[in-house]
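In case you want the letters, here they are:
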Amino acid sequence: MASTSTSSLSLQLVHRNKASLQIQQPQVTTFHTNLSFPYNPLPFTKFVCVRSSSTSKHYNEVVVDEEMDRIRRLQNGSDVRGVALEGEKGRSVDLTPPAVEAIAESFGEWVVNGLEKQRGQPVENVKVSLGRDPRISGPSLSVAVFSGLARAGCLVFDMGLATTPACFMSTILPPFFYDASIMMTASHLPYTRNGLKFFTKRGGLTSPEVEEICDKSARKYANRLTKLSSVLRIPPSRVDFMSSYSEHLRIIIKERVNHPLHYDTPLQGFQIIVNAGNGSGGFFTWDVLDKLGADTFGSLHLKPDGMFPNHIPNPEDKVAMTLTRAAVLENSADLGIEHPGTTIVTDARTSMALTRFITNRGGHHCLYRVGYRNVIDKGVQLNKDGIETHLMMETSGHGALRENFFLDDGAYMVVKIIIEMVRMKLAGSDEGIGSIINDLEEPEESVELRMNVVSEPRYAKQKAIEAIETFRQYIEEGRIEGWELDTCGDCWVSEGCLVDSNETSAAAVDAHMYRVKVSDEVHGQHGWVFIRQSIHNPNIAVNMQSSVPGSCQTMTRVLRDRFLIASEMDRILDMTEIDKYTKSGFL
């Protein structure tokens, strides 16, 4: 399962042997103290004064070109991400309270302007909620968000510790109905990072929308460096939304299980072990499972801890994967039972065996670009085009269902698994939920390698694009025998999904990436290589899979000798991991 705002839930299920949605008016607490945060401008400030007569009339304040670029670089696809605490080698703090205040203010103005355009008249009392994960930079950055939203004229509601899906749900669940919401989280990144996710009633913002907000905030930040507002004069209202969200999940389980003997406690007799990873997901144990009768004794890491002492909140981390892998696979299988003939969208790193698994059950598999927003947006687009698409799943565990507003919601995925588990038992099955994916084959080999871009941060993105586009050129020109550009996998939906451009893709292209099919005379097509630009860090990721033992090492050697060295891309890329794996076959 995905580490959604560090709220992922890992489950182990062991069997031992009509409600209506009624949500109480939220309890609101108003703070009466002024809150402040220190002013710490980004380091290495370079001031460039604009003095020309044509511009001084409109821009009579300091303009800081370098700092504006730093703020714009905080955009991370459809999110904002940055370093919030010292402690990362080679990375300085860039997500400061002043930067966050400017971004929050720009988002607030964006929401207000959108509502005024929609309604055709001025709007008042625009309500925006904020939730956060337990990262230790959260409290100080929260004050910055409150201040920025207040400057934009918004009413602010503090949800405290929350999950990303809960923030979106706060815009549509009664009686809250907030106009917009922000989730403060860096998802799977280390404790030193933090970030912002933005929602309105129609869902998460797109990359172009976040780019627009970051551009406006860069100007605000630059022009405010010498006169930052550091006191929050309009305090937020504290609300308990998570209790209502938990009740919403409990009602879904009770209604869909419809247990004939104990309707209100349908999980009696089941032991469900939860690993919340010290994030915000512990609520699912005590506020959902326990109240439905489950035995959760033995659950792990339920207490929120922003230092993540047990394992980093990355679901692809080896420790985290050990705990969450079963739940990730079960999520994919659960939907296939309910919607035969549906299309399932995944990113391009999934195995050829998964395609067979889906098609053997009457479904269709659409491979698409890496990135949970890319995968979800593709599913939205397919449904608009009349192609029934119920599940969108990324290999990191991020997943969305059409029935749940296309929301990346780990808790809802767990709810689906639990419902199916109970239904199977009531139907007399003793095999357990894991039996659904018994015949899903694992690839013989799978590896991910990273190459850091050797460049100043401001030029790293362009250097990475140069390397990846050169790779595409090499493949299209046939310079590597047996390697063929994969434009669509075995997708039946449309041609060219894996080489989408800004003109054809479901959403704006936020990172360059290509997948290559690898074949030889002995084994035929036996694997693939996927090279992509990271949107989190200045590096390039290389993923490989093969059904032939030893082939990943062989493909790495070919990549190094026939492309990286031959094209001289080794001058701008650190090949340490590539060289190590080529020589030893291990990382």
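Engineer: Before we go on, may I ask you to explain the pairing of strand β8 (residues 180–184) in this structure?
Structural biologist: Note on strand geometry: in a regular strand, side chains alternate between the two faces of the sheet. Counting buried residues along β8, five of its five residues qualify, which places the element largely inside the surrounding structure. The alternating pattern of β8 places Ala180, Ile182 and Met184 and Ser181 and Met183 on opposite faces, both of which are buried. Inspection of the sheet shows strand β6 (residues 127–132) paired to β8 by five bridges, in the parallel sense. Within β8, the residue paired with arginine 132 across the bridge is methionine 184. In the sheet, β8 pairs with strand β9 (residues 193–200) via five bridges, with the strands oriented antiparallel. Each residue of the ladder has a partner; that of methionine 183, found in β9, is lysine 197.

Engineer: Got a minute to help me understand the packing of helix α14 (residues 551–565) against helix α15 (residues 576–584) in this structure?
Structural biologist: In helix packing, the relevant descriptors are the interaxial angle and the interaxial distance, both defined with respect to the helix axes. Packing of α14 against α15 leaves a shortest axis separation of 8 Å and a crossing angle of 130°. In terms of orientation, α14 and α15 fall into the oblique class. For the pair α14 and α15, the crossing hand works out as left-handed. Contacts between α14 and α15 pair Cys552, Gln553, Thr556, Arg557, Leu559, Arg560 and Leu564 from the former with Ile578, Asp579, Tyr581, Thr582, Lys583 and Ser584 from the latter. Tallied by class, residues from the contact of α14 with α15 come to five nonpolar, four polar and four charged.

Engineer: How should the pairing of strand β22 (residues 524–533) be read in this particular structure?
Structural biologist: Most of β22 sits out of view: eight of its 10 residues are buried. Where strand β21 (residues 513–520) meets β22, eight bridges bridge the pair, whose relative direction is antiparallel. When the sheet's bridge partners are listed, valine 516 is paired in β22 with valine 529. Between β21 and the antiparallel strand that follows it, β22, lie three residues. Note: β22 against strand β23 (residues 539–546), seven bridges, orientation antiparallel. Bridged to tryptophan 528 within β23 is glutamine 545.

Reading the values: rules and limits
Residues numbered from 1 in each chain as written. Predicted model: local features only at pLDDT ≥ 70, side-chain atom pairs only at ≥ 80, totals over all residues. Heavy atoms only, no water. Buried < 20%, exposed > 50% of the residue type's maximum accessible area, 1.4 Å probe, protein only. Helix = DSSP H or I, 4+ residues; strand = E, 2+ residues; numbered from the N terminus. Pairing = 2+ DSSP bridges. Axes fitted to C-alpha atoms, helices over the stretch in contact; angles between N-to-C directions. Parallel < 35°, antiparallel > 145°, perpendicular 65-115°, else oblique. Left-handed = near helix turned anticlockwise from the far one by under 90°. Contact = heavy atoms within 4.5 Å. Nonpolar A, V, L, I, M, F, W, Y, C, P; charged D, E, K, R; others polar.

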